[in-house]
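# Residue-level structural notes
This is what each chain is made of:
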Amino acid sequence: RVQFKVVDLEQTNLDEDGASALFDMIEYYESATHLNISSNKHIGTRGWQAAAHMMRKTSSLQYLDARNTPLLDHSAPFVARALRISGSLSVLHLENTGISGRPLMLLATALKMNMNLRELYLAENKLNGLHDSAQLGNLLKFNYNIQILDLRNNHILDSDLTSSSLRLAYICEGLKEQRKGLVTLVLWNNQLTHNGMGYLAAALPFTQSLETLNLGHNAVGNEGVHKLKDGLIANRSILRLGLASTKLSCEGAVAIAEFIAESPRILRLDMRENEIKTGGLMALTLAFKVNTSLLRLDLDREPKKETVKSFIETQRALLADIQNGCKRNFILAKEKEETEQKMRQSVSMAEIATEDQTQEDEDASAEKPEEENTTGQGDTTDEGSASESQEVKDQKPTLQDDSDSDTEDEDAAEEPKASGNTTPPIAIPAINACKAVASTPPVSGSPAGIRVTEASAVPGAPASPGRCISVSSPGRGHKIFMVTRVESPPEQQQMTVLAKGVSERAAESQTPTQTNIKAPLDAPSNQTCKKRTQTQILTEGGVLADQSQRLRSA
């Protein structure tokens, strides 16, 4: 009924059956993002197998804390196989799980292929020997996604100087490959000595992402710091350096002061639990006159014992100067941040103002064509009205007799007489739109003539780039029919030729019709001639329509 995101089962005496049931439920509901099973020493092989199955199947689990829970040799393969293909787990705590030896080898091999794990905590696992160091070095060589590697409280180095140097050398070789990825490396309390600082100093100039290096509680000494100084100065990414309880004295403090003066980016430095007296404090104070980035320098609050009592007061004054230097740098950093923030805001406001001005210009430019279009439509409407009235005037037929004979003989007899009475086509200037008049009321006494015209615009119609050609002729019942087609500009020349040919042929066919005006009412051939003329007109009009349609389609 309730799906939890954080499940904390720390020190709950889980056994194999209980752990298997819980892991199956967490996998089934797939809602938990954080799971803590630390300090449960009796999970056993079946419990780890269920946990590995859950890690493989769930896509929500991001954090797994299994510290103080033994991960033995027969359980490690299940977890390693799950980590190889795990797609969501980003934080893994395996402190004090006894993974030294074969389990570490399986884990490191699997994590070489893992692209999602960001934090790996392997503290207090008694990692020692060349084999464990080599596995960690190979992990750093091939995995560029792990950002935090915590190896505190292990035994990477021991009293054997030769083997100890080689052990740290493996890790440093892997560290050289971390051009991007590793951000924090914790080597706290790993029995490091000055012998291994040379390898670390050689690796620091190559790493470009390492920001935090913690070497606390190792016997680095003044000699080790001198070796490390050149690598720290050459490095361009270190922001936090931990040197607490590293057996430093004034000589080592002077070397660190040289690094502080040269570094434009160091933010925090921990030098507590070291024997730094007046000379070292003076060097650090002078470094603050040059450095403007160091915000926190941790030193012992109480002055160290001096043979000269007045030096104790000097130490207090120097410590106060160092703290004032940190406060000054903090104020400068805050002012710089505020200035940058204001600059970003001003830039963003300028961008917004530019966008608004651009939008206003676009709106203004869009309004001008609308006004021009409105004016143009009004002019077109006026021209269309005048053209339409002119077209109506041109299309009004002249007076003709009331005779309408249905005989064909009179039409045939009068056909040669009307050859010279053709009606010329009416030319109207080209306009943008067209209006097709389907029919006009019958007018008595009008001659039967065919007209090829360019039609006028319809009031309020949108502008068209072409012109209209109208072919009109009187039909039966004295009705005038018009066939109107729109002509686009590329087609105008060809359409003009076609319309001219049609008008010439139609003019020839007008002769018998106009002759029939004077023929007797009972002329036998008049109807036949009219039918022939009408059929020819319709046929030629259809041809014109088909040709216009094909041209428009092309």
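Residues numbered from 1 in each chain as written. Predicted model: local features only at pLDDT ≥ 70, side-chain atom pairs only at ≥ 80, totals over all residues. Heavy atoms only, no water.

What follows is about the overall build of the chain. For the chain, the helix and strand inventory stands at 14 helices and 14 strands. Within the span of the chain, comprising 554 residues, buried residues form 45% of the whole. In the chain, the share of contacts with a sequence separation of at least 24, taken over all contacts with a separation of at least 6, comes to 83%. Summed over its atoms, the accessible surface of the chain is roughly 28600 Å², and 53% of this surface lies on carbon and sulfur atoms. (Helix = DSSP H or I, 4+ residues; strand = E, 2+ residues; numbered from the N terminus. Buried < 20%, exposed > 50% of the residue type's maximum accessible area, 1.4 Å probe, protein only. Contact = heavy atoms within 4.5 Å. Areas by Shrake-Rupley, 256 points an atom, 1.4 Å probe, with all protein chains shown as cover.)

With that settled, the discussion passes to the sheet that holds strand β6 (residues 148–150). One open sheet accounts for 11 strands, arranged β1-β2-β3-β4-β5-β6-β7-β8-β9-β10-β11; its pairing is parallel. Edge positions in the sheet fall to β1 (6–8) and β11 (296–298), since each has one partner strand and no second. The average undirected angle you get between the axes of adjacent strands in this sheet is 0 degrees. The pairing of strand β9 (residues 240–242) with strand β10 (residues 268–270) spans three bridges and is classified as parallel. (Pairing = 2+ DSSP bridges. Axes fitted to C-alpha atoms, helices over the stretch in contact; angles between N-to-C directions.)

Among the secondary structure elements, Thr 97 is positioned in the loop between β4 (91–93) and α4 (102–111). Not counting chain neighbours up to four residues away, the residues in contact with Thr 97 comprise Ala 66, Arg 67, Asn 68, Thr 69, Pro 70, Leu 71 and Asn 125.

What follows concerns the pattern of salt bridges. Counting across every chain of the model gives 12 salt bridges. Asp 65 serves as the salt-bridge partner of Arg 67, at 3.0 Å between the closest nitrogen and oxygen. By relative accessible area, which is 29% here, Arg 67 ends up partly exposed. According to the relative accessible area criterion, Asp 65 is buried, its value standing at 4%. The salt bridge involving Glu 211 is made with Arg 240; its shortest N-O contact spans 3.4 Å. Remark: Arg 240 occurs in strand β9 and Glu 211 occurs in the loop between α7 (197–203) and β8 (212–214); sequence separation between them is 29 residues. Overlapping salt bridges bring together Glu 16, Asp 17 and Arg 46 as one network. (Salt bridge = Lys/Arg side-chain N within 4 Å of Asp/Glu carboxyl O.)

Inspection of the secondary structure assignment puts Ser 75 in the loop between β3 (63–65) and α3 (76–85). Residue class for Ser 75 comes out buried when judged on its relative accessible area of 2%. Non-local contacts of Ser 75, meaning those with residues more than four positions away in its chain, are made with Gly 44, Thr 45 and Trp 48.

On to unusual backbone geometry, then. Phi at Gln 11 is positive, roughly 50 degrees, even though this residue is not glycine. Here Gln 11 shows up in the loop between β1 and α1 (16–29). Take Gln 11: its relative accessible area is 60%, and that puts it in the exposed class. Phi is positive for Ser 39, close to 60 degrees, though the residue is something other than glycine. Topologically, Ser 39 is positioned in the loop between β2 (34–36) and α2 (44–57).

This paragraph deals with the confidence of the model for the chain. Averaged over all residues, the pLDDT of the chain equals 76, while 63% of them reach at least 70. This stretch, residues 158–162, has a pLDDT under 50; its non-local contacts, to residues over four places away or in other chains, come to five contacts. Predicted confidence is poor over residues 475–479, with pLDDT under 50, and the contacts of this stretch with residues over four places away or in other chains come to 13 contacts. (pLDDT = per-residue confidence, 0-100.)

Its location among the elements puts Asn 128 in the loop between β5 (119–121) and α5 (129–142). By relative accessible area, Asn 128 is classed as partly exposed at 38%. Each C-alpha atom, one on Asn 128 and one on Asn 154, is 7.2 Å from the other, the two residues being 26 residues apart in sequence. Excluding residues within four positions of it along the chain, Asn 128 makes contact with Ser 100, His 155 and Arg 167.

Let us now look at the packing of aromatic side chains. Evaluation of the coordinates by the stated rule reveals one aromatic pair. Relative to Tyr 29, the ring of Tyr 28 lies with its centre 5.0 Å away and its plane at 90 degrees, an arrangement referred to as edge-to-face. Tyr 28 gets classed as exposed once you look at its relative accessible area, which sits at 65%. (Phe/Tyr/Trp six-rings, centres within 6.5 Å; stacked < 30°, edge-to-face > 60°.)

Here we take up the packing of α3 against α4. The interhelical angle for the contact between α3 and α4, taken along N-to-C directions, is 15 degrees, at an axis separation of 8 Å. On the basis of their axis angle, the class for α3 and α4 is roughly parallel. Crossing hand, α3 versus α4: right-handed. Across the interface between the two elements, Ala 76, Pro 77, Ala 80, Leu 83 and Arg 84 of α3 pack against Arg 102, Pro 103, Leu 106, Leu 107, Ala 110 and Leu 111 of α4. Split into classes, the residues belonging to the contact of α3 with α4 amount to nine nonpolar, no polar and two charged. (Parallel < 35°, antiparallel > 145°, perpendicular 65-115°, else oblique. Left-handed = near helix turned anticlockwise from the far one by under 90°. Nonpolar A, V, L, I, M, F, W, Y, C, P; charged D, E, K, R; others polar.)

Before going further, it helps to examine the environment of Ala 320. Along the polypeptide, Ala 320 turns up in helix α11 (residues 310–395). Separated by 19 residues in sequence, Ala 320 and Arg 301 place their C-alpha atoms 10.0 Å apart.

Below, the discussion takes up the packing of α2 against α3. Two elements in contact, α2 and α3, have axes separated by 8 Å at closest approach and are oriented at 5 degrees. By the angle between their directions, the pair α2 and α3 is classed as roughly parallel. Between α2 and α3, the contacting residues are Thr 45, Trp 48, Gln 49, Ala 52, Met 55 and Arg 56 on the first element and Phe 78, Val 79, Ala 82, Leu 83 and Ile 85 on the second. When the residues that make up the contact of α2 with α3 are grouped by side-chain class, the tally is eight nonpolar, two polar and one charged.

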